[in-house]
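Each chain, written out:
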Amino acid sequence: MSLTQAMYRADVGPDAQGKSEDPSLNLITFLKPEFNLKTLLEQLDRDELESFKSLLWTLPEVGDDLKTSSYKVKEASGMELAELLTNILPSSSLRPVVLQILKKMNLMQLSQILEGSQTPEAEDPVLEIIEEPLETQRADEKPGKEERQKNIVEGLPLLYKNQFWKGDEHFQYVTERSQKLIPFLSPKTATKPVPHTVILYGPAGVGKTTVARKCLQEWIQGSQGQPFKYAFYLRCRDLNHMSPCTFAELISKDCAKWKADIKEVVMQAQEVLFVVDGFDELRVPAGALIHDICGDWEMQKPVPILLSSLLKGKMVPKAKLLVTTRPQALQELFILVDQPLLLEVEGFSEQDRHAYFLKHFGDEKRALRALEAVKGNAALFRMGSAPAVCWVACVCLELQMEREADLALTCQTCTSLFLQFLCSQVPSSDFRSEQLRTSLEAICLLAAQGLWTQMSVFHDGDLWKLELKESDLSCFLNKRILQRDEDYFSFVHLSIQQLLAAIFYILKRGEKEAEDSAQRDIGDVRKLFSREERVKNPNLAQVGLFLFGLLNEQRMKELEMTFGCQTAMEIKQELLQYKLEEDRPYFSLTDLREVFACLYESQEEELVKEIMAPFEELSLHLKTSADLMYSSFCLKSCPGLHRLSIQVAKGVFLDNDIPLESYLEGMRCGFLSTELWATENRLLSLGLWTDLCSVICCNKNLSLLEINQSFLNDITVRILCDYITYASCRLQKVVIRNVSPTTTYRDLCLALIGKKTLSHLTVSGNVQESKTLTLMLLGEMLKHEKCNLAFLRLKSYSASTQQWDDFFLSFHSNQSLTCLDLTDNNLQDDSAKMLCMTLRYPRCSLKRLSLENCHLTDACCKDLSSTLMVNQRLTHLSLAKNNLGDIGVKILCEGLCYPGSKLQILVLQQCNISSHGCKYLSKLFHGDGSLTHLDLSLNPIAIGLWMFCDALRNPNFNLKFLGLWGCSLSPLYCQELASALASNQKLQTLDLGQNCLGPTGVAEILEALKDNSGPLKTLRLKIDKSNAKIQTLLKDVKENNPSLKIDVASVAAPSYHDFFEHPEIL
């Protein structure tokens, strides 16, 4: 029934509410006074209906009466059979016959409801069809007020019959958790304004429809406090097959007598609920729903347009809307609904899964054994939030236990488990080989077509379009793979459909079949792995995973043996084809996480090695245990890896609550006690982390390791450090940035002491020396005889003056360190003085030093100036973001003017230097100094520009780079600057960005450079792009002076973060 409508009388007075009901019965037993035979027989699945028919012939009081209609009975659906029995059998016999057959079929819940539905008001109310039009209400009652009339567009089934959880109170409890979050179901308890629309969203099979129907059931029962007088249930899959109609016809389709009154009744009501179930199943072109919105109840429109008009609030403005959908349809839904409340239906929690396994197996030992196997695969355990996946896992593992198979191997990949389930549900002994093969091809075609057209429910017409018949699917129908519900077919869960779609790609097909596939909506393998398609259709990602899982030779053989089919190994070569513009397989151009997941799913080491071979640099963001599982597997087969960056999200590892020494001892001995494994699935991450860290010592080419923005624990840090200390570990560069716990810095520094291959080390994070002693350990590292450290960056470190002094003293014993970056440390003047003393030490090897944002003042400038006079090695110095002022610059210039100074690059960004400071700096360029790079960005030098203009004309001017970004320059001296630039023979880069020079000032500079072929190669300017004259001048400069690059897009002052490590970038 596409949109069956029945009016159910709901007497919710004290007598009705006080009736006792057996809670073990299904949740819809409240309908028993108004139950009808049609509804009952429609709830029987295909096998149950056939059994019912067979048992009919065995009853002597029935058999003779049905002889004349034997053919009709055999071919009848549930509804048709109900009509036949009602017409043929006397009413006095009908009830006992139905009850007798239900008991023989062992359908005790149905028979109990049937027995308990006898009431004194009617002789056979169970078989009575209640259709009470509005006109038949009692005269003393006001229509729609005193007597509750509850309209449901699609009649809810008599029994709340869920395929797998029939009568499962645990699943009902999970459903109730989501119900409690829907505010308009409990308006009395709401503390905020109640939204008109609530959207229940979540992946396939987590219970969205179940929650929605449960709300309707409780509404009919009156257990929700009766916030609504009318409720309508619209199932989107039904709307796809309806012809254009009016909105009044839509909600009174199967009860035409209501049509005249339905609008008046609904529009006058203040409390109306519409449940729109499965919005993602609506088949309409993208963007079509927003067009032709209508508010006229009597205007004929395509049904999807009527639905969008309802959602837009045009049809019933005051109605409350409860919409269920999968996440991929949310964007389209947001266009239609106004300020909805989003509620995610998450399905089973970890505790729910645990309880479900216990209930399914009945035996705690077997249940925990199965659950532990599932937890061993983080991706599979996460999929278990869908109850159907839990059921698949339980059924499959129960069978594997009977076969005494290795459960861990079965659950190693998702493909392995689902394929085992598929093969176990269709025993080859039940069908001929040819029948199995044909049926497999048919169902795989249906699955693939459905995935590409984003359909999970199929109508008879969908089969016809694919030239399929129901008989083609016979091997899978009612085998808990494909199920028929009324006029529809659906897979037991989306994952099963995705697996069958993946099988479609590996089945060997003839030329004609291949041509037919190309003409359908099914994309090829290239399209399957394209990012564009994944964005439009996220469900394709799991198909790709299953496809790689099926490339496993053992699984391929299992598939062939079960179904008698042939598989095409050419698919493997197609996946490995190289793009001309990329030296990697085209599938690997998708998300790196997905690449790793695909390779893990295959469990084919040779395939993994072949695909991972080109990777030299990897950046891993480990958000889940599954990411860790995939990465640890793939990195073992990546011998060419040079650089590895790791980011570990919070929650991947447990907090520091596991006995560290016990674990390490157990790991060394190859045994972990039961108590240590009792922390369940996240403790399994330690083994995966161990595998990942082993790459550090096993991969001889790995030279750079970065651990960034990561949440570790004591155990994982110790595991990492153990591998770093191995002699086979050849790391040259290590970066530790923003890692917790803070003791990570201490432990890693301790592990790196004496590591002779280490040349670069970065330690960055809010670390306190008093708690970690990291500075002390770094000092020991520098003093070690095997130390070859050349670059050291310490950032955001908190230490006392004495601790910094002790650290700087260690430089006396070190001959390797040439670059020291102390940016963003609270060094202050006193510690800077000790550093300067170290720099004056004859054997000090430092060449590049950054003291950016170290809270320095002019008080330390005298020591710095003295150092510049004496030190013959220091060539790069950054004092940016320190309040040196004009006085500090004056003192510095004394040292810079000294003939022995070798400093080439000086960075004084944001040092509070004014035009007075420029006077001292400009004098540097009149002599034969060594300085070639000066950056004064973000200093308010303003009119100090004219002093540099004079220096630019001096023949001894040696600067190649002058940075004046954001220096409050005005057009006043632009003509002077233009003249100086025309005569200068040394300056290669001039940064005037973020200065308001005005159209006139910019034009003067460009005019001077238009025909100038001097050394200037880069000029940064802030210009008005709308000025025609400026655009013309820019074009002229480009044509006449092609070697000059003019950058007009500079939005930030130059950064020197990478420069001190790689000075060649300038």
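Whatever comes next refers back to the structure up there.
Rules and cut-offs
Residues numbered from 1 in each chain as written. Predicted model: local features only at pLDDT ≥ 70, side-chain atom pairs only at ≥ 80, totals over all residues. Heavy atoms only, no water. Buried < 20%, exposed > 50% of the residue type's maximum accessible area, 1.4 Å probe, protein only. Helix = DSSP H or I, 4+ residues; strand = E, 2+ residues; numbered from the N terminus. Contact = heavy atoms within 4.5 Å. Core = buried A, V, L, I, M, F, W, Y, C linked by side-chain atoms within 4.5 Å. Pairing = 2+ DSSP bridges. Right-handed = clockwise from strand over helix to strand, strands pointing away. Patch = residues over 30% accessible without salt bridge, like charges linked within 9 Å, V, L, I, M, F, W, Y side chains within 5 Å. Areas by Shrake-Rupley, 256 points an atom, 1.4 Å probe, with all protein chains shown as cover. Salt bridge = Lys/Arg side-chain N within 4 Å of Asp/Glu carboxyl O. Polar contact = N/O pair within 3.5 Å; in protein donor to acceptor, adjacent residues only side chain to side chain. 1 Å grid on protein atoms, 1.4 Å probe; cavity = no way out; pocket = protein on both sides within 12 Å on 5 of 7 lines; lining within 4 Å. Points joined across faces, edges and corners; volume = space filled by probe spheres on them. Nonpolar A, V, L, I, M, F, W, Y, C, P; charged D, E, K, R; others polar. Axes fitted to C-alpha atoms, helices over the stretch in contact; angles between N-to-C directions. Left-handed = near helix turned anticlockwise from the far one by under 90°. Expected span 1.5 Å × (residues − 1).

K.L.:
Explain helix α38 (residues 743-752) here, please?
P.N.:
Most of α38 is tucked away: eight of the 10 residues are buried. For α38, every residue scored as buried is listed here: Thr743, Thr744, Tyr745, Asp747, Leu748, Cys749, Ala751 and Leu752. Elements in contact with the buried residues of α38: α37 (714-724), β14 (733-740), β15 (760-768) and α40 (774-783).

K.L.:
Could you clarify how one ought to interpret the nonpolar core in this entry?
P.N.:
Leu500, Trp689 and Leu908 are the most contacted members of the largest nonpolar core, which totals 255 residues. When residues in this core are grouped by element, the largest group, 11 residues, is from helix α22 (residues 433-452).

K.L.:
Looking at this structure, I do not really get the pairing of strand β12 (residues 643-648). What am I missing?
P.N.:
As paired strands, strand β11 (residues 617-622) and β12 are joined by six bridges and run parallel to one another. Opposite histidine 621, over in β12, you have glutamine 647 as the bridge partner. The β-α-β motif built from β11, the intervening helix α33 (residues 625-635) and the parallel element β12 has right-handed crossover chirality. Examined bridge by bridge, β12 and strand β13 (residues 704-711) share four bridges and lie parallel to one another. Bridge assignment links serine 645 to a residue of β13, and that residue is glutamate 706.

K.L.:
Hey, could you run me through a nonpolar patch on the surface in this one?
P.N.:
On the surface, a cluster of nonpolar side chains totalling about 320 Å² of accessible area is made up of Ile943, Trp946 and Leu972. With respect to the helices, strands and loops of the structure, isoleucine 943 is situated in the loop between β21 (933-935) and α46 (945-952).

K.L.:
Explanation requested: the environment of histidine 196 in the structure shown.
P.N.:
Following the sequence through the fold, histidine 196 ends up in the loop between α9 (169-179) and β3 (197-201). For histidine 196, a relative accessible area of 40% gives the class partly exposed. Residues histidine 196 and alanine 319, 123 residues apart in the sequence, show an inter-C-alpha distance of 7.0 Å. Reaching out from histidine 196, the side chain makes a polar contact with the backbone oxygen of alanine 319 at a distance of 3.5 Å.

K.L.:
I tried to follow the side chain of threonine 716 on my own but got confused; where do I start?
P.N.:
Looking at the element boundaries, threonine 716 is found in helix α37. When near neighbours in sequence (up to four residues on either side) are disregarded, threonine 716 contacts Phe653, Leu686 and Trp689.

K.L.:
Would you explain empty space enclosed by the protein in this entry?
P.N.:
To find leftover empty space, a probe the size of one water molecule is rolled over the atoms. Within this structure, the stated rule accounts for 11 cavities of 30 Å³ or more. Here the largest cavity is characterised by a volume of approximately 60 Å³. What lines the largest cavity is simply Leu981, Asn984, Leu987, Leu1009, Asn1012, Gly1014, Pro1015, Leu1016 and Asn1041. When the residues that make up the lining of the largest cavity are grouped by side-chain class, the tally is five nonpolar, four polar and no charged.

K.L.:
How should I be thinking about the packing of helix α28 (residues 540-549) against helix α31 (residues 592-602) in this particular structure?
P.N.:
Each pair of packed helices can be described by the angle between their axes along with the distance between the axes. In contact at an axis separation of 7 Å, α28 and α31 are set at 35 degrees when each is read in the N-to-C sense. α31 is crossed by α28, and the crossing has right-handed handedness. Within the contact between the two elements, α28 uses Ala541, Gly544, Leu545, Phe548 and Gly549 and α31 uses Glu594, Ala597, Cys598, Leu599, Glu601 and Ser602. Grouping the constituent residues of the contact of α28 with α31 by class yields six nonpolar, three polar and two charged.

K.L.:
Can you walk me through the sheet that holds strand β9 (residues 482-485) in this structure?
P.N.:
One key point about sheets: their strands pair by backbone hydrogen bonds, in either a parallel or an antiparallel sense. In space, the three strands of this open sheet follow the order β8-β10-β9, with antiparallel pairing throughout. Every other strand in the sheet has two partners, leaving β8 (457-459) and β9 as the edge strands with one partner each. Recorded for the sheet is a direction-independent mean angle of 30 degrees between the axes of neighbouring strands. α22 rests against β8, β9 and β10 (488-491) of the sheet, and its axis sits at about 85 degrees to β10.

K.L.:
Help me understand helix α42 (residues 828-839), please; the structure alone is not making it clear to me.
P.N.:
Two residues of an α-helix separated by three or four positions point the same way, owing to the 3.6 residues in each turn. Here α42 spans 17 Å end to end across 12 residues, near enough to the 16 Å set by a 1.5 Å rise per residue. Along α42, the residues classified as buried are Asp829, Ser831, Ala832, Met834, Leu835, Cys836, Thr838 and Leu839. Structurally, α42 contributes buried residues whose contacts are with α41 (801-809), β17 (819-821), β18 (848-850) and α43 (861-870).

K.L.:
Help me understand the sheet that holds strand β6 (residues 320-325), please; the structure alone is not making it clear to me.
P.N.:
Pairing is parallel across the open sheet formed by five strands, whose spatial order is β4-β5-β6-β3-β7. Here the strands that pair on one side only, and so sit at the sheet edges, are β4 (230-235) and β7 (341-344). Taken pair by pair, the neighbouring strands of this sheet meet at an average axis angle of 15 degrees, ignoring direction. Pairing analysis gives six bridges linking β4 to strand β5 (residues 272-277), with the strands arranged parallel. Note on β5: the bridge partner recorded for leucine 234 is valine 276.

K.L.:
In this structure, what is going on with the environment of serine 937? I would like to understand it.
P.N.:
Among the structural elements, serine 937 can be located in the loop between β21 and α46. The exposure class assigned to serine 937 is buried, which follows from its relative accessible area of 0%. Sequence spacing of serine 937 and alanine 880 is 57 residues, and the spatial spacing of their C-alpha atoms is 9.2 Å. Once residues lying within four places of it in the same chain are set aside, the contact partners of serine 937 are Leu908, Gln909, Gln910, Gly963, Leu964, Trp965, Cys967, Ala1053 and Pro1054. Polar contacts involving the side chain of serine 937 include one to the side chain of aspartate 935, which spans 2.6 Å.

K.L.:
What exactly am I supposed to notice about unusual backbone geometry here?
P.N.:
Residues apart from glycine generally show negative phi values, whereas peptide bonds are mostly found in trans. Residue proline 741 is bonded to the preceding serine 740 through a cis peptide linkage, with omega at 0 degrees. Relative to the assigned elements, proline 741 resides in the loop between β14 and α38. Its identity is not glycine, yet glutamine 339 carries a phi of approximately 50 degrees, on the positive side. For glutamine 339, a relative accessible area of 66% corresponds to the exposed category. You will see that glutamine 828, though not glycine, has its phi angle at about 65 degrees, which is positive. Within the secondary structure, glutamine 828 is located in helix α42.

None of the figures reported here should be taken as evidence of function without further support.
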